[in-house]
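# Survey of secondary and tertiary structure
This is what each chain is made of:
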Amino acid sequence: MTSPQDGAPAAALTPSDVADASRLVSFGLQARLLPARDAEYTELVRRYRDDPAFARLADAVATGLGLVVLEVSPRAGMALAAGEDSVFAVRMGDYSRRAASETTDRFLHGLAHLAVAAMAFPRPEDLADDGYLGRITVNGVDAFVRQACRRLEEQAELVGDNTDPASDAPGLEAAWRVWARRSTTGATKDARRLSGSTIGITGKAVAFLVESGFLQKTADDAGGTYRTTARYQLQVRDLAGGAAMAELLELGVVPVSDGTATLLPADHTEELVADAGLPFHSL
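Report follows, based on the coordinates. (Residues numbered from 1 in each chain as written. Predicted model: local features only at pLDDT ≥ 70, side-chain atom pairs only at ≥ 80, totals over all residues. Heavy atoms only, no water.)

### Quick word on the packing of helix H1 (residues 15-28) against helix H2 (residues 39-50)
To keep it simple, the criterion reads: Orientation is described by lines fitted to C-alpha atoms, with helices fitted over the stretch in contact, and by angles between N-to-C directions that extend from 0 to 180 degrees. Helix and strand assignments come from DSSP, with helices taken as H or I runs of at least 4 residues and strands as E runs of at least 2, each series counted from the N terminus. For classification purposes, angles smaller than 35 degrees are called roughly parallel, those larger than 145 roughly antiparallel, those between 65 and 115 roughly perpendicular, and all remaining angles oblique. Crossing handedness is read from the near helix: turned anticlockwise from the far helix by less than a right angle, it gives a left-handed crossing, and turned clockwise, a right-handed one. Between two residues, a contact is recorded if the distance between any of their heavy atoms is within 4.5 Å.
Interhelical geometry of H1 versus H2 gives an angle of 115° and a closest axis separation of 10 Å. Classified by the interaxial angle, the pair formed by H1 and H2 is roughly perpendicular. For H1 against H2, the interelement crossing comes out left-handed. Of the residues in H2, those in contact with Asp17, Asp20, Arg23, Leu24, Phe27 and Gly28 of H1 are Glu40, Tyr41, Leu44, Val45, Arg47 and Tyr48.

### Concerning helix H3 (residues 52-64)
It helps to recall that an α-helix has 3.6 residues per turn; residues three or four apart then point in one direction. Condition: Expected helix span is taken as 1.5 Å per residue step, with the number of steps being one fewer than the number of residues. Remark: exposure states derive from per-residue accessible area (1.4 Å probe, protein chains only) relative to the maximum for the residue type, with buried under 20%, exposed over 50%, and partly exposed in between. In this context, the arc is that of the directions from the helix axis out to the C-beta atoms.
Between its terminal C-alpha atoms H3 stretches 18 Å, which fits the 18 Å expected from 13 residues at 1.5 Å a residue. Where H3 is concerned, the buried positions are Phe54, Ala55, Leu57, Ala58, Val61 and Ala62. Down the axis of H3, the buried set is contained in an arc of 160°. They therefore lie on one face. Opposite its buried face, H3 presents the exposed residues Pro52, Arg56, Thr63 and Gly64, each directed more than 90 degrees away. Here the buried face of H3 lies against H1, H2, strand E1 (67-73) and strand E2 (77-82).

### Digging into a nonpolar patch on the surface
The condition is simple: Two joining distances apply to patches: 9 Å for like charges and 5 Å for nonpolar side chains (Val, Leu, Ile, Met, Phe, Trp, Tyr), and every residue must have over 30% relative accessible area and no salt bridge. Here, Shrake-Rupley sampling with a 1.4 Å probe gives the accessible areas, and only protein chains in the shown set may cover a residue. We define a salt bridge as a contact between a side-chain nitrogen of Lys or Arg and a carboxyl oxygen of Asp or Glu at a distance within 4 Å.
Together, Leu29, Leu65, Val87 and Phe88 give the surface a local cluster of nonpolar side chains, amounting to about 350 Å² of exposed area. With respect to the helices and strands, the residue Phe88 is situated in the loop between E2 and helix H4 (92-99).

### What to know about the pairing of E2
Rules: Strands were regarded as paired on the criterion that DSSP finds at least two bridges between them.
Burial within E2 is extensive, with five of its six residues counted as buried. Pairing geometry for E1 and E2, over six bridges, is antiparallel. Within E2, the residue paired with Ser73 across the bridge is Gly77. Adjacent in sequence and paired antiparallel, E1 and E2 are bridged by three residues.

### Some points on the pattern of salt bridges
Applying the stated criterion to the full structure yields eleven salt bridges. The closest approach of N and O atoms between Arg23 and Glu40, which form a salt bridge, is 3.3 Å. Here Glu40 lies in helix H2 and Arg23 lies in helix H1, a separation of 17 residues in the sequence. Since its relative accessible area comes to 36%, Glu40 is described here as partly exposed. The salt bridge partner of Asp51 is Arg47, with a shortest N-O separation of 4.0 Å. On the accessibility criterion, Arg47 (18% relative accessible area) is buried. Connected through salt bridges with shared partners, the residues Asp17, Asp20, Arg47 and Asp51 form a single ionic network.

Right under this line is the structure:
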């Protein structure tokens, strides 16, 4: 076998190579595993980056499983995204049906995920910078959405739109009324927060992202403090072009100037949990 570029003989791929390529894909499917924690994974990532024939083979294995290779690097490992028809796809609808029985609550879970992404990476340069770590808190995400609700309400008043849309209608115009009406925490008889409160919904969304290898918990402050992973950054790059994400950021709720950011000062007439700030920091 020869290479069409230079005529040099190319080594034939062996069943062992196929096994190694499949092993690399299997590592990539373990979302919370990083090459730094496994010597074999580290070596397979190095081989992928140094050996084009092996990289093409690993890509083909991934494609055959309905997976898209987002990146292969020491920082992210083999970062994979599942196509819609892949058996490995975890659809938001599947997640939301497990997380909530009510249609309205499923809609709010989607909004919570959108808000986490917007707060973690509010600028295009944050997504482009491989060294950037977003940091969010559960309380901060809820405060962010509630401030966005106020902005959307102000916009609706300006155009004279006082009609309350259906709670499962698409778009942020419907979302702000649903979220704003919901209790921030609620309480059970033993003082636990209600799962259907906005803090409870945000907590479930964040827990799902941790389980998926997208966030890592760093502290219990402000309802739970988390930092982003390289895998999550790659996923949000695909989401960033969406209309809903752009609409949320254009509200100007998280102003960014010199590389640091915070929520706008809270309206103290609004129901907000304590310590709702600290949405993220840059290194």
